[in-house]
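Chain by chain, the residues:
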Amino acid sequence: MRCPGLPLCGLLWFWLPLFASRPVKIDKVKADTKNLTRTIIARIQEEHTQTPCSEPTAGLDFIPGERPLESLDSMDETLQIFQRILPSLPMENVPVAQIFNDIENLRSLIQTLGSHLGCTFHKSSNLAALGNLTELLTLSPYTTAVVALDRLQTCLHSIVKHLDHIGSC
Amino acid sequence: MYWPILDFIRMAVAHCMVHQIPASSFMLPCMSQNETSVIPLTAGVAASSPGLHGQHGTAETNSLVLVAEESFLCCLWSETHENCSLYTAGMETKKFTSSEISSLAPQQTDLSWNIQCWTKGDLELFVCILKLSNKKSYLNEEFKINLLYVLSELSLEDMSTGSLKGNFMVTPCDCNGSDKYECHIPSLKLNYTYITWLNIINGVTLLQSPLMSVRPINIVKPEPPLNLRLEMTDKGQLKICWSNPVLTPYPLQYEVKFSGNATQNAWQVVEIVIETSLIIGNMLIGSSYLVQVRCKSLHGPGFWSDWSTPYNLNAEDVMYFPPKILTTVGSNVSFHCLYNDKNKMILSKKIVWWLNLAEEIPERQYTLVNDRVSRVTLFNLNATKPRGRFFYNALYCCNQNRECHHRYAELYVVDVSINITCETDGYLTKMTCRWSTNTNALLVGSSLQLKYYRSSIYCSDFPSIPPKSEAKECHLQRNHYYECTFQPIFLLSGYTMWIEIKHQLGTLESPPTCVIPADVVKPFPPSNVKAEITKNIGLLNVIWTNPAFPNSDLKFQIRYSVNREEILWEIFEVSNAPTRSAMIKVLDLCVVYIVQVRCSGLDGLGYWSDWSKPAYTIVQDIQAPLRGPEFWRVINEDPIRKQKNVTLFWKPLMKNYSLCSVCRYIVKHHTSENITWTEYVTNGTTYTYPWTEDAHTVTILAVNSIGASSMNFNLTLSQQMSTVNIVQSLSAYPVNSSCVILTWTLSPQLYVITSFVIEWKNLNEEEQMKWIRVAPNISKYYIYDHFILIEKYQFSLYPIFPEGVGNPRMTDGFIKDRSEKPNDAGLYVILPIVISSLVLLLGTLLISQQRMKKLFWEDVPNPKNCSWAQGVNFQKRMDIL
């Protein structure tokens, strides 16, 4: 008995798991991104509970966090800047090295999400503006550290919020 | 004193008056002050003096330095003697004429040194050996030599006066033998330029060498190649192989030399190769050849290393390639064999293979590589079982006639399945990995190391060992586990890990495993655990605070038990995340419960946390008592006052009814004259009141902190009803000392019975009366108590009507048993009589037996008296036939 549809069915059956597994993986990436972002926030909050009531901005414009992050590219770019800032922060009570690694993982997750959506990522253009970071850390290390951590938290909250309805780059 | 010298160096460098130390030996001739003082100086020619650009890389350069007391002079010249310049401390310079240069020939000098400088193979030490080759007699034997040097990051061509910064260093040269001095510069910077010179002091004479420059990388003398061995190509050709020295900063070239006869030591360089092997074919097999290899930088200058240790190519009768193999369980390996039987090569088709001299390997596993080389392949290998001190399988290459040579190849198969387990701490900052090995399964001398590779996120589906990896330091714990710690960690990165087992026979790797730290989290246990039995609902309510990490959803387990000596845990699962509390139905509400909580990731990955600190419930009132106590009464008549006093007594309310305590009791009175009042009993479980009316009803309520019991027992005492007899018969039968059956029959009656009350009392002892209320629809009841069967008990059965307590029926128990005691006494009389009769009978039987015996033997003939019996021996057996 001839069954011309059988090879086609077999082919579809063979490919089915590939199509079926893809959304599951992206869902996992999304969930991991959210969990990791919340973990970083918890790390900051656990040791650094102080939130500045009025945040000084003069001279600290290069630290991102004042604008909401609405694209995967801007998230990645912002996290790059924080990766540059974090190692210099004089915060012994905050696990800076661990947060640095967490951000590295977070960027990888965001880039995976981006590649799924066909996004392109740019290297941060503000990295050059970090020139006066060393000077600021010398002059007012506490202010710089508090503001940097506070803005990192703001950015992370913005990432969590945006991930809920992510659909494009 | 040194600053003017440094200035001079700067000036000399600026005018390119610096020799480059060659990768070979060179001469340093010196001349006394008198001979040089005649050489006139002409100022202002420094600008026109020739540079050394053209001389860099010269194979051999002769140099001369002459030193005056207050000024020093240096002269540089090459073999061509064309560019010899003279400097003074005053920065004056002169160009020598040809005639002047000829007078500076080494053989005419007062002092001449043969020098060789190189960088050692460890790339850490610069060595210069100075050998005195010529010395005038007026110089004494004692020389004090110092090597001075300055570093520059730049090459000599790019060097300017400004690039020489800082002080120069001085290293004294040690006398090594009478005419040999050795100078060392430690901690080399291979790619820096070293400007050096020598100070030679002989008595009061100071001789200073010209400036010399060297980049240590250019004069490296590598260590000789190692581990020379014979290997076989896939085509069955022999090749001599070797390993590079440990530190090789650049590609190497190799020189291989052979000696045809080891005893004659006639060496011949065969070939220069750039690989670490040289195919020699099978031509040299069977002869006693020695092989040595040395190496040198492939590109650029450098020294040849010393020759390696000679390797004897002298072929054995049977050669295996490789002679030993170390491999893992499940792998496939191949051995090659060359069989030379009494100077006659066995053809490969006539070779058979045997394993451990016990098992012939099937022919299908053989491959004929060429006429002389046979290959055997073993598949899916099992771990080698040690046999005594032999930790290998012996593989024999034999002749077809089953003649095996005693030499064999060794096959070591090791089980490397090592399980690595990891655990991430509750802060999500540290991952600890543990692994252990079966030391019996490993070869002696093996060293183990955990290697890992981290991918940016997640693990691949099939982890494999990548070419680049890092080693992780692990520490052996008391439990024989190795423990390695990663901190800080990349929570979502995939750590592919394996154990590298190094042995002199080779390196093995355990199967790689990939771990994502976020998947192996052991969270901290929940904190602030509180437990209570809820009021009114009566459930065990547990609340807790979740740990700060992880931020993903968690599931929980609650274990609880009545807090007693022997704790029997019950587990309650909570997985409806997010949650921080649970209500559990428990049987006993009025006991202390001990409660602990633990958590784990909701996705099932990772570990359960430790149990939290225990929380304890407090026993408190949950509800108002479920019912009042059961009670009974005793009526005492006071003949003087002609008054009846009723004493009520009740059993303390059990906790399952009181829920959970009773603070007081309320006794409610209601008389036939419709008078009602209440009394409170706070202490004790008895209450006495006078009975004056015809009918008097009492109800007892139990009260706790929540309220009073709603379901209660009442009892009506009525003069009229106390005369009603409805119990026709009552019998008590003891079952054993702890149980008595009470049965009764009722006469037909018109009253409704609400219950019976059974009373019993030991009449011989002043024991308090005991009672129990039983259901109205039964006629038999098992009373469980401690009864003494030889005592007398009185049992009473009271019918209880709504209108009042009826007339009881009483019976005495166990009296009948006592009356049977005389029968027992009769038994004690009969028993001795029976025994006496038996003794008498036995005696009679014995006497009768003796009599019968006597009577019987009287009829047997006496041989002495009977003629036919004479001569018959009755003691001897006779055959009748």
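In this text, all values refer to a predicted model and were calculated from it rather than measured experimentally.

**Describing the environment of Leu188 of chain B**
All names here are of chain B.
Part 1 of the reasoning: You can see Leu188 is positioned in the loop between strand S12 (180-185) and strand S13 (193-202).
Part 2 of the reasoning: With a relative accessible area of 11%, Leu188 lands in the buried category.
Part 3 of the reasoning: With residues near it in sequence (within four places) discarded, Leu188 still touches Thr119, Leu123, Glu124, Leu125, Phe126, Tyr194 and Pro216.

**Structural notes on a nonpolar patch on the surface**
Part 1 of the reasoning: A cluster of nonpolar residues, Ile830, Val834, Leu838, Leu841, Leu842, Leu845 and Leu846 of chain B, forms a patch on the protein surface that exposes about 700 Å² of accessible area.
Part 2 of the reasoning: With respect to the helices and strands, the residue Leu841 of chain B is situated in helix H6 (residues 821-857).

**Digging into the state of the cysteines**
Residue and element names in this part refer to chain B.
Part 1 of the reasoning: Within this structure, the stated rule accounts for eight disulfides over all chains.
Part 2 of the reasoning: Residue Cys117 pairs covalently with Cys128 via a disulfide, S to S 1.9 Å. One disulfide, between Cys117 and Cys128, carries an S-S torsion of 110 degrees and so falls in the right-handed class. Residue Cys117 is located in strand S7 (residues 111-119), and its partner Cys128 is located in strand S8 (residues 126-135); the two are separated by 11 residues in the primary sequence.
Part 3 of the reasoning: Given a relative accessible area of 4%, Cys128 falls into the buried group.
Part 4 of the reasoning: Two residues share a disulfide in this structure: Cys590 and Cys660, whose sulfurs sit 1.9 Å from each other. Torsion about the S-S bond of the Cys590 and Cys660 cystine: about -80 degrees, corresponding to left-handed handedness. With a gap of 70 residues between them, Cys590 in the loop between strand S46 (581-585) and strand S47 (593-601) and Cys660 in the loop between helix H4 (655-658) and strand S51 (664-671) connect regions that are remote in the sequence.

**Remarks on the sheet that holds strand S16 (residues 226-232) of chain B**
Residue and element names in this part refer to chain B.
Part 1 of the reasoning: Pairing within the open sheet is antiparallel, and its three strands lie in the order S16-S17-S20. The outermost strands of the open sheet, each flanked by one partner alone, are S16 and strand S20 (277-279). Along the sheet, successive strands turn relative to each other by an average axial angle of 15 degrees, direction set aside.
Part 2 of the reasoning: Pairing between strand S17 (residues 238-243) and S20: three bridges, direction antiparallel. Note on S20: the bridge partner recorded for Cys241 is Ser277.

**Considerations on helix H2 (residues 72-85) of chain A**
All names here are of chain A.
Part 1 of the reasoning: In this model H2 runs 20 Å from its N-terminal to its C-terminal C-alpha over 14 residues, within 8% of the 20 Å that 1.5 Å per residue would give.
Part 2 of the reasoning: Buried residues dominate H2, accounting for 12 of its 14 residues.
Part 3 of the reasoning: Those residues of H2 that sit buried are Leu72, Asp73, Met75, Asp76, Glu77, Thr78, Leu79, Gln80, Ile81, Phe82, Gln83 and Ile85.
Part 4 of the reasoning: Summarising the contacts, the buried residues of H2 are in contact with helix H3 (96-117), helix H4 (133-139) and helix H5 (141-163).

**A look at the pattern of salt bridges**
Residue and element names in this part refer to chain B.
Part 1 of the reasoning: Taken as a whole, this structure holds 14 salt bridges over all chains when the rule is applied.
Part 2 of the reasoning: Two residues, Glu255 and Arg294, come together in a salt bridge whose shortest N-O distance is 2.7 Å. In this pair, Glu255 is assigned in strand S18 (residues 252-259) and Arg294 in strand S21 (residues 290-297), connecting sequence segments 39 residues apart.
Part 3 of the reasoning: Among the charged side chains, a salt-bridge network with shared partners connects Lys451, Glu500 and Lys502.

**Some details on the side chain of Arg294 of chain B**
Part 1 of the reasoning: A distance of 2.7 Å separates the side chain of Arg294 of chain B from the side chain of Glu255 of chain B, its partner in a polar contact.
Part 2 of the reasoning: Setting aside residues up to four positions removed in sequence, Arg294 of chain B forms contacts with Pro225, Gln253, Tyr254, Glu255, Trp304, Ser305, Asp306 and Trp307 of chain B.

**Observations concerning the confidence of the model for chain A**
Atomic detail in the predicted coordinates should be set aside for any region of low pLDDT.
Residue and element names in this part refer to chain A.
Part 1 of the reasoning: In this model, chain A carries a mean pLDDT of 78, and residues with pLDDT of at least 70 account for 75%.
Part 2 of the reasoning: Of all helices and strands in chain A, the one with the weakest mean pLDDT is helix H1 (residues 5-47) (68), whereas H3 scores best (93).
Part 3 of the reasoning: Segment residues 1-24: pLDDT under 50, and one contact once partners within four positions in sequence are set aside and those in other chains are kept.

**Focus on the pairing of strand S9 (residues 144-152) of chain B**
Residues and elements named next belong to chain B.
Part 1 of the reasoning: Of all nine residues that make up S9, seven are buried, and the element is covered over most of its length.
Part 2 of the reasoning: Bridge count between S9 and S13: nine bridges; the pairing is antiparallel. Its bridge partner lying in S13, Ser152 is registered against Thr193.
Part 3 of the reasoning: Sheet topology note: the S9/strand S10 (residues 169-172) ladder contains four bridges and is antiparallel. Its bridge partner lying in S10, Leu147 is registered against Thr171.

**Side note on the sheet that holds strand S57 (residues 739-746) of chain B**
Residues and elements named next belong to chain B.
Part 1 of the reasoning: Taken in spatial order, the three strands line up as S56-S57-S60 in an open sheet, and their pairing is antiparallel. A single partner strand is all that each edge strand has here, and the edge strands are strand S56 (727-736) and strand S60 (780-784). Each adjacent strand pair in this sheet contributes to an overall mean axis angle of 20 degrees, direction not counted.
Part 2 of the reasoning: Where S56 meets S57, eight bridges bridge the pair, whose relative direction is antiparallel. Each bridged residue has a counterpart across the sheet, and for Leu730 the counterpart in S57 is Trp744.

**As for the nonpolar core**
Part 1 of the reasoning: Trp353, Met431, Leu450 and Met497 of chain B are the most contacted members of the largest nonpolar core, which has 104 residues in total.
Part 2 of the reasoning: Here this core takes nine residues from H5 of chain A, the largest share from any one element.
Part 3 of the reasoning: Listed in part, the 32 residues of the second largest apolar core include Trp113, Trp118, Leu125 and Ile219 of chain B.

**A short note on the packing of H2 of chain A against H3 of chain A**
Packed helices, taken two at a time, are described by the angle between their axes plus the distance between the axes.
Residue and element names in this part refer to chain A.
Part 1 of the reasoning: Direction vectors running N to C along H2 and H3 enclose 160 degrees, while the axes themselves pass 10 Å from each other. Considering the angle they form, H2 stands roughly antiparallel to H3. H3 is crossed by H2, and the crossing has left-handed handedness. On the side of H2, the interface is formed by Leu72, Met75, Asp76, Leu79, Gln80, Phe82 and Gln83, while H3 contributes Phe100, Ile103, Glu104, Leu106, Arg107, Ile110, Gln111, Leu113, Gly114 and Leu117.

**Structural notes on the interface of chain A and chain B**
Part 1 of the reasoning: In this complex, chain A contributes 19 residues to the contact, which on the side of chain B involves 16 residues.
Part 2 of the reasoning: Here chain A meets chain B over a buried area of about 1600 Å², counting both sides, of which 59% is carbon and sulfur.
Part 3 of the reasoning: Its largest share of buried area at the contact with chain B, chain A owes to Gln98, Asn101 and Asn105 of chain A, together 30% of the area lost on that side.
Part 4 of the reasoning: Counting across the interface, chain A meets chain B through zero salt bridges.
Part 5 of the reasoning: On inspection of chain A and its partner chain B, the count reaches eight residue pairs in polar contact (both at pLDDT 80 or more).
Part 6 of the reasoning: Elements represented by at least two residues in the side of chain A that touches chain B include exactly H1 and H3 of chain A.

**Description of the packing of H2 of chain A against H5 of chain A**
Residue and element names in this part refer to chain A.
Part 1 of the reasoning: Where H2 contacts H5, the axes come no closer than 11 Å and their chain directions differ by 155 degrees. With respect to H5, the axis of H2 lies roughly antiparallel. Crossing handedness for the pair H2 and H5: left-handed. Of H5, the residues touching H2 (which contributes Met75, Thr78, Leu79, Phe82 and Ile85) are Ala148, Arg151, Leu152, Cys155, Leu156, Ile159 and His162.
Part 2 of the reasoning: Residue composition of the contact of H2 with H5, by class: nine nonpolar, two polar and one charged.

**Concerning unusual backbone geometry**
Comment: phi is negative for the bulk of residues other than glycine, and the bulk of peptide bonds are trans.
Residue and element names in this part refer to chain B.
Part 1 of the reasoning: The omega torsion of the bond from Gln487 to Pro488 falls at -5 degrees, within 30 degrees of zero and hence cis.
Part 2 of the reasoning: Assignment of secondary structure puts Pro488 in the loop between strand S38 (482-486) and strand S39 (494-503).
Part 3 of the reasoning: Non-glycine residue Leu123 carries a positive phi angle of around 60 degrees.
Part 4 of the reasoning: Note that Leu123 resides in the loop between S7 and S8.

**Regarding the side chain of His336 of chain B**
Residues and elements named next belong to chain B.
Part 1 of the reasoning: Position of His336 relative to the elements: it lies in strand S25 (residues 333-341).
Part 2 of the reasoning: Judged by relative accessible area, His336 falls into the buried class, the value being 8%.
Part 3 of the reasoning: Setting aside residues no more than four positions away along its own chain, His336 makes contact with Met232, Thr233, Met319, Tyr320, Phe321, Trp353, Val369, Val373, Ser374 and Arg375.

**What to know about the environment of Ala732 of chain B**
All names here are of chain B.
Part 1 of the reasoning: Note on placement: Ala732 falls in strand S56.
Part 2 of the reasoning: A residue is classified by how much of its surface remains accessible, and Ala732, at 16% relative accessible area, is buried.
Part 3 of the reasoning: Along the backbone, Ala732 and Lys780 are 48 residues apart, and their C-alpha atoms lie at a distance of 9.7 Å.
Part 4 of the reasoning: Not counting residues within four places of it along the chain, the set of residues in contact with Ala732 comprises Val740, Ile741, Leu742, Phe795 and Thr811.

What counts, and at which threshold
Residues numbered from 1 in each chain as written. Chains lettered and ligands numbered in written order. Predicted model: local features only at pLDDT ≥ 70, side-chain atom pairs only at ≥ 80, totals over all residues. Heavy atoms only, no water. Helix = DSSP H or I, 4+ residues; strand = E, 2+ residues; numbered from the N terminus. Buried < 20%, exposed > 50% of the residue type's maximum accessible area, 1.4 Å probe, protein only. Contact = heavy atoms within 4.5 Å. Patch = residues over 30% accessible without salt bridge, like charges linked within 9 Å, V, L, I, M, F, W, Y side chains within 5 Å. Areas by Shrake-Rupley, 256 points an atom, 1.4 Å probe, with all protein chains shown as cover. Salt bridge = Lys/Arg side-chain N within 4 Å of Asp/Glu carboxyl O. Disulfide = S-S within 2.5 Å. Pairing = 2+ DSSP bridges. Axes fitted to C-alpha atoms, helices over the stretch in contact; angles between N-to-C directions. Expected span 1.5 Å × (residues − 1). Polar contact = N/O pair within 3.5 Å; in protein donor to acceptor, adjacent residues only side chain to side chain. pLDDT = per-residue confidence, 0-100. Core = buried A, V, L, I, M, F, W, Y, C linked by side-chain atoms within 4.5 Å. Parallel < 35°, antiparallel > 145°, perpendicular 65-115°, else oblique. Left-handed = near helix turned anticlockwise from the far one by under 90°. Buried area = accessible area lost by both parts, 1.4 Å probe. Nonpolar A, V, L, I, M, F, W, Y, C, P; charged D, E, K, R; others polar.

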